[in-house]
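# Notes for the structure review
Take a look at the letters that make up each chain.
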Amino acid sequence: MKPRTPMIALCICVIAASAYSAALQAQKEHIMIASGRPRERRKVGSTPRPLEPIELTEMRVRSEVALRYARTSVITHVHNPDTRPQEASFHMLLPDTAFISGFTMLLAGQSYNAYVKEKEEAKLLYTQAVSQGIGAAHVATKARDSNHFIVTVNVEGNTTAVFELRYEDFLVSRNGLYSHVINLHPGALVPTMEVVVHIKESQKITKLRVPEVRTGNEMDATQTDSQNSKVVIQNGSNKREVTITFTPDMSEQRRLAQIYMDKSKDASSLALGQFVVEYDVERSNNGEILVNDGYFVHFLAPTSLPPLSKHVVFVLDTSGSMLGRKIEQLRKAMDTILSDLKPTDYFNVVEFSHFVKVHELKEADEPAPTHRPDWYYNTISTDNSYTLVRPALASPDNIAKAKIIVSRLDYTGGTNIYSALDAAIGIIKKGVDKENTTNSNVALKTEKKKKAELEPIIIFLTDGVPLDGETNTDRITSLITEKNAGDMRAALYTIAFGEDADRVFLRKLSLRNEGFMRHIYEAADASLQLHDFYLQVASPLLSHVQFLYPAKQIKEGSVSRNKFRSVNSGSEVAVVGQIAEDAIEITPQIFGFYGSEDGLSLKRYEVTSKVTFTHTKDEHLPLERLWAYITIKQMLDQRDAADDRSEKQNSPEKKALAIALKYAFVTPLTSLVVVKPNETNAVDVDSTDAMSIITTTPEPTSNAAQPSYDWEETDLEESENHSGLTRTIGGFGGQANLMYNMETRNSGRSSHHNMYTRK
């Protein structure tokens, strides 16, 4: 069911000197523009000659990746061969984890640089600069997990406009690989196109893959996927540095565009796809510490430790909205996931709709239940009763029985989320005992386990919102977090299946309970997406991990998150902080637990390191910006996990805002303001309840209007859903205005289309 609660919106507005009064009709996944154009005076009966089309002449992308921190610059040249001014657009798809850090336009030989403002200040400035009407339209994304930046400007005749967009991103290790993604969606064939990715790491680069250009809607590339034959790879002398260059000519661009169109079924604009570089570095179980110019980063990604045995509770939504392909994909994914359980793991399967059922393996020996008709749900009341079942050992026989049970999962009824999670926590607390074991040798040994020696994990999947039992999501979050406490506190990972799941709620629930939320797109490969998600959390190597730093060696309050419920195989933990001014060494300690080789006991993990340094600066180690990026991300997580958002000066939101302004990052708290010429005097415009628009103000010494984009909370109506993000473009009377609106509802990201007009 679709939620009726507010959303978060990322708004980008850019005001051009002049504009057109036509709206380009939007198909799925392309641009619509609403704006105004001055009328051209001409003699009666005369016919204006057609404009010579704008030409995209050059596109150069340069990424510098150091210590997993990627700084990317995209430079595009647009030439107007006509003598008359024409409108030109610059647009770029960005990873959804990236922060824009700069934008520059070169128009008629004059450079216009963007700057960052706090969003409320930008809103106030906007009301002083905007004139005439307000319009909006819709643009959908062209790739999963991406954000769309777009700006339209007026290019004078016989001139070339140059755009440069800069953004920064921290590459996270997934399944043992860092993945750097560059979206190539130029909108036209480009005579000169070049992509250069330069990677410089402190350790040897052990793996490097550059797969064929992808549409952006496939699963991550694997070893068996074909590699890009058009790239040139130049390795450094010390194996810690590599440069990848991709220069597709017009013929190659045509080939890639045709492949993209065939796969995506989208012919609305020319796109080549995603250029992807995947790599990994040499690492040890003891981690790595790097110091530069008063900042440090502490990496930990153990590789050779045996995995911890776990107790995993699968909580699966089988409500009526799961009918059709979704329930089939869930069955298929669970069949594969059950096969991946280790012999020393324990598991439970809980299904829920309006009722909650904790499955017993003996059900596999019984006849399959018949499907209840669609009207059945309307004839019964919500059933909150259920019986807790002790976990089953992941033996071959038990796995086979569980597969029979999940193959019979069927859809019906509503969604009783609270009762399902309450049951899962009850099962975790109940733990493992010998009543649930068999006579196998492994089971006899397993009887001696302590509850704390199993890593508790809850994997919760839903495609909707709570409709039965407790339906208040804040109350559900508080109650579940309160119950999920103590030594048996479980990591709660939530899966939002499709576009109607309440992703804001699920994200908050996971953040409060040691986990994270993942969006599974409703597509043909959904079962593969589910399995890929499971692999990321399936093999915990360390539990109860804590990083400790001597107080005299670091600046108070500067260290990022330093406690982690678990560290999984193929992932990496990064802790950042600032060094005390008089410190000459740092001696951190890491504590935790890891599993024995037989998986039947826990061992103490303890690492003590010592790094000496001088207070010098290496320009190739971006530790200060990495510290800022990670700190902002974690502060925003703390804000989103809180029950209320404090306005105090030391609140996570205020701290994140101060850092974002200092380092010029566009975040949910800030707006990017672009200075552009304006020939129209600005007058005040009434606000609209439907959408908050953040834009511009003139410089004190300029008569320029300054558009901006930012993240903003709004209340918009229900709308059509598509996979991906919402893109909104707006026009302001006699000026071309583009609004970029990324909406994150309580249902998560959804596509939205509204038109607002003010005359």
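Read on for an overview of the structure. In every chain, residue numbers begin from 1 and rise along the written sequence. Per-residue local features of the predicted model are confined to residues with pLDDT of at least 70, and side-chain atom pairs are confined, for both listing and counting, to 80 or more; whole-chain, interface and lining totals are unaffected and use all residues. Values reported for side chains reflect all heavy atoms of the structure, with hydrogen atoms and water molecules removed beforehand.

Turning next to the pattern of salt bridges. Criterion for a salt bridge: a side-chain nitrogen of Lys or Arg within 4 Å of a carboxyl oxygen of Asp or Glu. Taken as a whole and judged by the stated rule, the model has 33 salt bridges. Put simply, Arg-60 and Glu-194 hold a salt bridge, and the shortest N to O gap is 3.1 Å. Of this pair, Arg-60 sits in strand E2 (residues 55-66) while Glu-194 is found in strand E11 (residues 192-200), placing the two residues 134 residues apart along the sequence. Only protein chains enter the area calculation, which uses a 1.4 Å probe; residues under 20% of their type maximum are buried, those over 50% are exposed, and those in between are partly exposed. Owing to a relative accessible area of 25%, Glu-194 belongs among the partly exposed residues under this scheme. Here Lys-401 and Asp-397 are joined by a salt bridge, their closest N and O atoms 3.7 Å apart. A residue pair is termed a helical-turn pair when its members lie 3 or 4 positions apart in one helix, as Lys-401 and Asp-397 do in helix H4 (residues 396-407) at four residues. Secondary structure follows DSSP: runs of H or I at least 4 residues long count as helices, runs of E at least 2 residues long count as strands, and numbering of each begins at the N terminus.

Site definitions follow a grid-based scheme: protein atoms alone, a 1 Å grid, a 1.4 Å probe that fits but cannot get out for cavities, and for pockets an open set with protein on both sides within 12 Å along at least five of seven lines, plus lining residues having an atom within 4 Å of a point. Grid points are joined across faces, edges and corners, and a volume is the space filled by probe spheres set on the points. Evaluated as defined, the whole model comprises four cavities of 30 Å³ or more. Phe-314, Leu-316, Leu-330, Met-334, Ile-337, Ile-459, Leu-461, Ile-495, Leu-530, Phe-533 and Tyr-534 are the residues that line the largest cavity. Of all the elements in the fold, those that place two or more residues in the lining of the largest cavity are strand E18 (310-317), helix H3 (325-339), strand E22 (455-462) and helix H9 (526-537). Its residues placed into classes, the lining of the largest cavity shows 11 nonpolar, no polar and no charged. Under the scheme applied here, ten amino acids are nonpolar (Ala, Val, Leu, Ile, Met, Phe, Trp, Tyr, Cys and Pro), four are charged (Asp, Glu, Lys and Arg), and all others, including Gly, are polar.

Formed by 51 residues in total, the largest nonpolar core has its most connected members in Phe-90, Phe-103, Leu-184, Val-197, Ile-199, Ile-244 and Phe-275. The residues contacting Leu-184, other than those within four sequence positions of it, are Met-59, Val-61, Met-193, Val-195, Phe-246, Ala-271, Leu-272, Gly-273 and Phe-275. The term nonpolar core refers to a set of buried residues drawn from Ala, Val, Leu, Ile, Met, Phe, Trp, Tyr and Cys, joined through side-chain atoms within 4.5 Å. By size, the runner-up hydrophobic cluster in this structure holds 36 residues, among which are Leu-338, Leu-530, Phe-533 and Tyr-534. Any two residues having at least one pair of non-hydrogen atoms within 4.5 Å are treated as being in contact.

Any two strands between which DSSP finds at least two bridges are classified as paired. Read across the sheet, three strands follow the order E10-E15-E12 without closing on themselves; strand pairing throughout is antiparallel. Both edges of this open sheet fall to strand E10 (178-184) and strand E12 (205-209), since each of them pairs with a single strand only. When strand polarity is set aside, the average angle formed by the axes of neighbouring strands in this sheet is 15 degrees. Where E10 meets strand E15 (residues 273-281), seven bridges bridge the pair, whose relative direction is antiparallel. Bridging across to E15, Leu-184 finds its partner in Gly-273. A fitted line through C-alpha atoms serves as each axis, taken over the contacting stretch for helices, and the angle formed by two N-to-C directions is quoted from 0 to 180°.

Let us look at the packing of helix H8 (residues 503-511) against helix H10 (residues 623-641). Following both chains from N to C, one finds H8 and H10 inclined at 105 degrees, their axes separated by 9 Å at the closest point. Classified by the angle between their axes, H8 and H10 sit roughly perpendicular to one another. For the pair H8 and H10, the contacting residues are Arg-507, Lys-508 and Leu-511 in the first and Leu-636, Asp-637, Asp-640 and Ala-641 in the second. Classifying every residue of the contact of H8 with H10 gives three nonpolar, no polar and four charged. Here the angle decides the label: under 35 degrees means roughly parallel, over 145 means roughly antiparallel, 65 to 115 means roughly perpendicular, and every other value means oblique.

With that out of the way, let us pick up the side chain of Gln-536. In this structure, Gln-536 sits in helix H9. Under the relative-accessibility criterion, Gln-536 is labelled buried at 10%. Counted as a polar contact is a pair of N or O atoms within 3.5 Å, where, for protein atoms, one must be capable of donating a hydrogen and the other of accepting one, and residues adjacent in sequence contribute only when both atoms are in side chains. Side-chain polar atoms of Gln-536 contact the side chain of Arg-518, separated by 3.4 Å. Apart from the residues lying within four places of it in its own chain, the contact partners of Gln-536 are Arg-174, Asn-175, Arg-518 and Asn-568.

Time to look at H4. A helix is expected to reach a length of 1.5 Å times the quantity of its residues less one. Between its first and last C-alpha atoms H4 spans 17 Å; for 12 residues at 1.5 Å apiece the expected length is 16 Å, and the two agree. Residues of H4 that are buried include every one of Asn-398, Ile-399, Ala-402, Ile-405 and Val-406, and no others. Down the axis of H4, the sector holding all buried residues measures 115 degrees, keeping them to one side. On its buried face, H4 sits against H3, strand E19 (346-352) and strand E21 (392-393). Directions from the helix axis toward the C-beta atoms define the arc.

With that out of the way, let us pick up the sheet that holds strand E16 (residues 288-292). Taken in spatial order, the three strands of this open sheet run E16-E17-E27, and their pairing is antiparallel. In the strand order of this sheet, the two ends are held by E16 and strand E27 (573-578), each with one partner. Strand-to-strand twist across the sheet, computed as the mean angle between neighbouring axes with direction ignored, equals 15 degrees. By the bridge criterion, six bridges tie strand E17 (residues 295-300) to E27 in an arrangement that is antiparallel. Its bridge partner lying in E27, Phe-296 is registered against Gly-577. Against the sheet, H10 contacts E16, E17 and E27, and its axis sits at roughly 110 degrees relative to E27.

Moving on, we get to the pairing of strand E26 (residues 563-568). Along E26, five of the six residues are buried, which leaves the element largely enclosed by surrounding structure. Bridge analysis of strand E25 (residues 540-548) against E26 gives five bridges, and the strand direction is antiparallel. Bridging across to E26, Gln-546 finds its partner in Lys-563.

Here the focus is the packing of helix H7 (residues 473-483) against H8. It is at 10 Å that the axes of H7 and H8 come closest, and there the two elements cross at 15 degrees. With respect to their mutual orientation, H7 and H8 come out roughly parallel. Along this stretch, H7 crosses H8, giving a crossing that reads as right-handed. The residues of H8 that touch H7, namely those facing Thr-473, Asp-474, Ile-476, Thr-477 and Ile-480, are Phe-505, Lys-508 and Leu-509. Classifying every residue of the contact of H7 with H8 by side-chain character gives four nonpolar, two polar and two charged. In a left-handed crossing the near helix is turned counterclockwise from the far helix by less than a right angle, and in a right-handed crossing that turn is clockwise.

Turning our attention to the environment of Ile-458. Structurally, Ile-458 is set in strand E22. Note on Ile-458: relative accessible area 2%, which makes it buried. Excluding residues that lie within four positions of it along the chain, Ile-458 makes contacts with Val-313, Val-315, Ala-424, Ile-425, Ile-428, Ala-490, Ala-491, Leu-492 and Tyr-493.

With that settled, the discussion passes to unusual backbone geometry. The residue Arg-68 is not glycine, and still its phi comes out positive at about 70 degrees. Its place among the elements puts Arg-68 in the loop between E2 and strand E3 (69-80). You will see that His-544, though not glycine, has its phi angle at about 50 degrees, which is positive. By secondary structure assignment, the location of His-544 is in strand E25. Since its relative accessible area comes to 40%, His-544 is described here as partly exposed.

We now examine the environment of Phe-170. With respect to the secondary-structure elements, Phe-170 resides in strand E9 (residues 159-170). According to the relative accessible area criterion, Phe-170 is buried, its value standing at 12%. Separated by 456 residues in the primary sequence, Phe-170 and Leu-626 have C-alpha atoms spaced 7.5 Å apart. Once residues within four sequence positions are removed from consideration, Phe-170 is found in contact with Leu-67, Arg-68, Tyr-69, Phe-299, Ala-574, Leu-626, Tyr-629 and Ile-630.

As paired strands, E2 and E3 are joined by 11 bridges and run antiparallel to one another. Paired with Glu-64 across the strands is Arg-71, a residue of E3. What sits between E2 and E3 in their antiparallel hairpin is a turn of two residues, with Leu-67 showing a positive phi close to 55 degrees. Here E2 runs beside E11; their pairing, made up of nine bridges, is parallel. In the strand pairing of E11, Ser-63 is matched with Val-197.

Turning our eyes to something else, we now look at the packing of aromatic side chains. In this description, an aromatic ring pair is defined by two values, namely the gap between the centres and the angle between the planes. Think of it this way: a Phe, Tyr or Trp ring, Trp meaning its six-membered ring, pairs with another when their centres are within 6.5 Å, and the plane angle makes it stacked under 30 degrees, edge-to-face over 60, tilted otherwise. In total, this model carries 19 aromatic pairs according to the counting rule given. With a centroid separation of 5.1 Å and an interplanar angle of 50 degrees, the aromatic rings of Phe-99 and Tyr-629 are classed as tilted. On the criterion of sequence distance, the pair formed by Phe-99 in strand E5 (residues 99-107) and Tyr-629 in helix H10 is long-range, its members being 530 residues apart. When sorted by exposure, Phe-99 lands in the same class as Tyr-629, which is buried. Between Phe-296 and Tyr-549 the ring centres are 5.0 Å apart and the planes differ by 45 degrees, which places this aromatic pair in the tilted class. Of this pair, Phe-296 sits in strand E17 while Tyr-549 sits in the loop between E25 and E26; the two residues are 253 residues apart in sequence, bridging distant segments of the chain. Its relative accessible area of 1% is what places Phe-296 among the buried residues.

Remember, this is a structural readout, not a statement about activity or role.
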